[in-house]
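Notes for the structure review
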Amino acid sequence: MSAGDAVWERAVEALATAGSVALACHVDPDGDGIGSMLALRRAVAAGRDVHVDAGWAGDVEGGGLVVPTPYAFLPDLEHLSGPDGFKPAPDVFVALDCATPERLGCLQALAAQAAQVLVIDHHAAGAEFGDVRLVVPDAAATAEIVTDLIDRLGVTLDRDIATCLYVGLVTDTGRFTYSSVTPASMQLGARLLATGIDQAWINRQLWETHSFGYLKVLASALQRAAFEPGVGLVWTAVTQAELTGAGVSLAETEGLIDVLRTIAAAECALVCKEQADGSWQASLRSKRTVDVGAVAQQLGGGGHVYAAGFEASGSLEDVVAAVRDAIAAEGRGEA
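Since the structure is predicted, the reported quantities are computational estimates derived from the model, not experimental observations. Every chain begins its residue count from 1, and numbering advances along the sequence as written. The predicted nature of this model means local features are confined to residues of pLDDT at least 70 and side-chain atom pairs, given and counted, to a pLDDT of 80 or more, with totals for whole chains, interfaces and linings taken over all residues. Just so you know, side-chain values use all the structure's heavy atoms and leave hydrogens and water out.

Secondary structure follows DSSP: runs of H or I at least 4 residues long count as helices, runs of E at least 2 residues long count as strands, and numbering of each begins at the N terminus. In terms of helices and strands, the protein chain carries twelve helices and 14 strands. At 19 Å, the protein chain has a C-alpha radius of gyration in line with the 20 Å of a compact globule built from 335 residues. Projected onto its principal axes, the C-alpha coordinates of the protein chain cover approximately 55 × 45 × 40 Å. Within the span of the protein chain, comprising 335 residues, buried residues form 52% of the whole. Of the roughly 14100 Å² of accessible surface on the protein chain, 50% is carried by carbon and sulfur atoms. Side-chain charges of the protein chain comprise 21 positive and 43 negative groups, with the mean position of each set lying 5 Å from the other. Atoms considered for the radius of gyration are the C-alpha atoms alone. The globule rule reads 2.2 Å times the number of residues to the power 0.38. Three exposure classes are used, based on accessible area relative to the maximum for each residue type with a 1.4 Å probe and protein chains only: buried under 20%, partly exposed in between, and exposed over 50%. Calculation of accessible area relied on Shrake-Rupley with a 1.4 Å probe; when residues are assessed, cover is drawn exclusively from the protein chains displayed. Positive residues here are Lys and Arg, negative ones are Asp and Glu, while His and the chain termini are left out of the count. The location of each charge is read from NZ of Lys, CZ of Arg, CG of Asp or CD of Glu.

So this is what it looks like as structure tokens:
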């Protein structure tokens, strides 16, 4: 996997010689962020005396992180720390699946204290941060890069590591349906299955297991859905009142956009999710002709050609209008 031999060597040396390591994925983590982080945590700690903290800047309850419902089955969740549980000034701070330091939330301050910051990511667009940047844009998921790193560390993939990597791989490839999938992605999937993981059960946990409240939120979102024929955009929104009333987390609504993007007439799909502070977390998907990564970058976010996101304040109408204008500009080839 391309990144330059020198970069790989520096990454391996940093993790192999560190006495303390902090691992963090982005705020509001997805399967690739959590899965990659848990897999690397287990690999770094394997067979050696090293202090490892892992987690993200998020909701904390009873001293532990509130893990998004779809990922509550993952192994080693008991080893995750809330932001206050990290050891200060680690030898190495690893930022996983983070295109910008802002995506670390309050853990950005901990990264600033570290002797060395290692960035492991597959997003082409983003900020140049970190001392060692293991960024591989042609990887379909950060989990692919982490697998290569684990191999270079000389750690065998056990079933728990493979489970975490599989979650990262299938969530960021849409169960191997996205255009980002490569032969290497499929080969990694086969390798992970060969460890004995129960992929059918894992997939049911990820996509076919929801709370009853989620059905209520989904119904409201679909009822609210609107189509903008001029730019081929279908969009909807989820409010904090709906989430709170149904007892549903933002993370549990991650698959909503996959329902929305099935509309035949739509080239792009947008889901705006209201956060606790009133701002909006926006997810974008496209099918063939629109680079939503470029659209999201215009609006302060980023991502890939066919999957991206950003955060915004203001009214829902303003956010939708901004996306509509950005898609139109992208279609005209404007910067």
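What follows covers the nonpolar core. Residues Leu 40, Val 94, Ile 120 and Ile 150 are the most contacted members of the largest nonpolar core, which totals 56 residues. Looking at this core, the element that brings in the most residues is helix H5 (residues 159–172), giving eight residues. What Ile 120 contacts, discounting residues up to four positions off in sequence, is Leu 40, Val 94, Ala 95, Leu 96, Asp 97, Leu 134, Thr 142, Ile 145, Val 146 and Leu 149. Here, the term nonpolar core denotes a set of buried Ala, Val, Leu, Ile, Met, Phe, Trp, Tyr and Cys residues that are joined through side-chain atoms within 4.5 Å. Contact criterion: two residues are considered in contact whenever any of their non-hydrogen atoms come within 4.5 Å of each other.

What makes two strands pair is DSSP finding at least two bridges between them. Strand order across the open sheet formed by six strands is E9-E10-E11-E12-E14-E13, with mixed pairing between neighbours. In this open sheet, the two edge strands, each paired with only one partner strand, are strand E9 (226–228) and strand E13 (302–303). Note on definitions: angles span 0 to 180 degrees between N-to-C directions of axes, and those axes are lines fitted to C-alpha atoms, for helices only across the stretch in contact. With respect to the sheet, helix H8 (residues 212–224) is in contact with E9 and strand E10 (233–238), its orientation differing from that of E10 by roughly 140 degrees.

Moving on, we get to the environment of Gly 293. Examined against the element boundaries, Gly 293 turns out to sit in helix H11 (residues 292–298). The class for Gly 293 is buried, based on a relative accessible area of 7%.

What follows is about the packing of helix H4 (residues 142–152) against helix H6 (residues 183–193). Contact geometry for H4 and H6: axes closest at 11 Å, N-to-C directions at 60 degrees. In terms of axis orientation, H4 runs oblique to H6. Note on packing geometry: the crossing formed by H4 with H6 is left-handed. Residues Ala 143, Glu 144, Thr 147 and Asp 151 of H4 lie in contact with H6, whose contacting residues are Ser 185, Leu 188 and Arg 191. When residue character is reported, Ala, Val, Leu, Ile, Met, Phe, Trp, Tyr, Cys and Pro are called nonpolar, Asp, Glu, Lys and Arg charged, and the others, Gly included, polar. Residue classes in the contact of H4 with H6 are distributed as two nonpolar, two polar and three charged. For classification, angles of less than 35 degrees are called roughly parallel, those exceeding 145 degrees roughly antiparallel, those between 65 and 115 degrees roughly perpendicular, and all remaining angles oblique. Helix crossings get a hand from a simple test, with the near helix turned counterclockwise from the far one by less than a right angle marking a left-handed crossing and a clockwise turn marking a right-handed one.

This part is about a negative patch on the surface. Patch membership requires more than 30% relative accessible area and the absence of a salt bridge. Residues of like charge join within 9 Å; the nonpolar side chains Val, Leu, Ile, Met, Phe, Trp and Tyr join within 5 Å. A carboxyl oxygen of Asp or Glu within 4 Å of a side-chain nitrogen of Lys or Arg is what we treat as a salt bridge. Judged by side-chain charge, Asp 28, Asp 59, Glu 61, Asp 277 and Glu 311 come together as a negatively charged surface patch. Along the polypeptide, Asp 28 turns up in the loop between strand E1 (20–25) and helix H2 (31–45).

Our next topic: the packing of helix H1 (residues 5–17) against H4. It is at 10 Å that the axes of H1 and H4 come closest, and there the two elements cross at 65 degrees. On the basis of the axis angle, H1 is roughly perpendicular to H4. Both H1 and H4 take part in a crossing whose hand is right-handed. Between H1, through Trp 8, Ala 11, Val 12 and Leu 15, and H4, the contact on the second element is made entirely by Ile 145, Asp 148, Leu 149 and Arg 152. Residues that form the contact of H1 with H4 fall into these classes: six nonpolar, no polar and two charged.

Our focus in this paragraph is the side chain of Lys 273. Looking at where Lys 273 falls in the secondary structure, it is placed in strand E11 (residues 268–274). One buried charge, Lys 273, has no salt-bridge partner; the nearest side chain with opposite charge is Glu 254, at 6.5 Å. Beyond its immediate chain neighbours, meaning those up to four positions away, Lys 273 contacts Val 238, Leu 250, Thr 253, Glu 254, Ser 279, Trp 280 and Gln 281.

Before going further, it helps to spend a moment on the sheet that holds E1. Pairing is parallel in the open sheet, where six strands are placed in the order E5-E2-E1-E6-E7-E8. Edge positions in the open sheet fall to strand E5 (80–81) and strand E8 (132–135), since each of these has one partner strand only. Relative to strand E6 (residues 92–96), E1 runs parallel, the two sharing five bridges. The residue bridging Ala 22 from the neighbouring strand is Phe 93, located in E6. Taken strand by strand, H1 contacts E1, E6, strand E7 (116–121) and E8, and its axis lies near 115 degrees from that of E8. Against the sheet, H2 touches E1, strand E2 (51–55), E5, E6 and E7, its axis set at about 165 degrees to E1.

For the rest of this paragraph, the subject is the packing of aromatic side chains. Any aromatic ring pair is given by two values, namely how distant the centres are and how the planes are angled relative to each other. Note on aromatic pairs: the rings of Phe, Tyr and Trp (six-membered ring only in Trp) are paired at centre separations within 6.5 Å, and the planes decide the class, stacked below 30 degrees, edge-to-face beyond 60, tilted for the rest. Enumeration according to the criterion identifies one aromatic pair in this entry. The interplanar angle of 85 degrees and the centroid separation of 5.3 Å between the aromatic rings of Phe 73 and Trp 201 together place this pair among those described as edge-to-face. Pair noted here: Phe 73 is in the loop between strand E4 (64–65) and E5 and Trp 201 is in helix H7 (residues 199–207), with a separation of 128 residues, a long-range link. Only when the NZ atom of a Lys or the CZ atom of an Arg is both within 6 Å of the ring centre and within 35 degrees of the ring normal do we say a charge sits over the ring. Geometry around Trp 8 places Arg 152 over its ring, the cationic atom sitting 4.2 Å from the centre. Against the face of Trp 207 rests Arg 175, its NZ or CZ located 4.2 Å from the ring centre.

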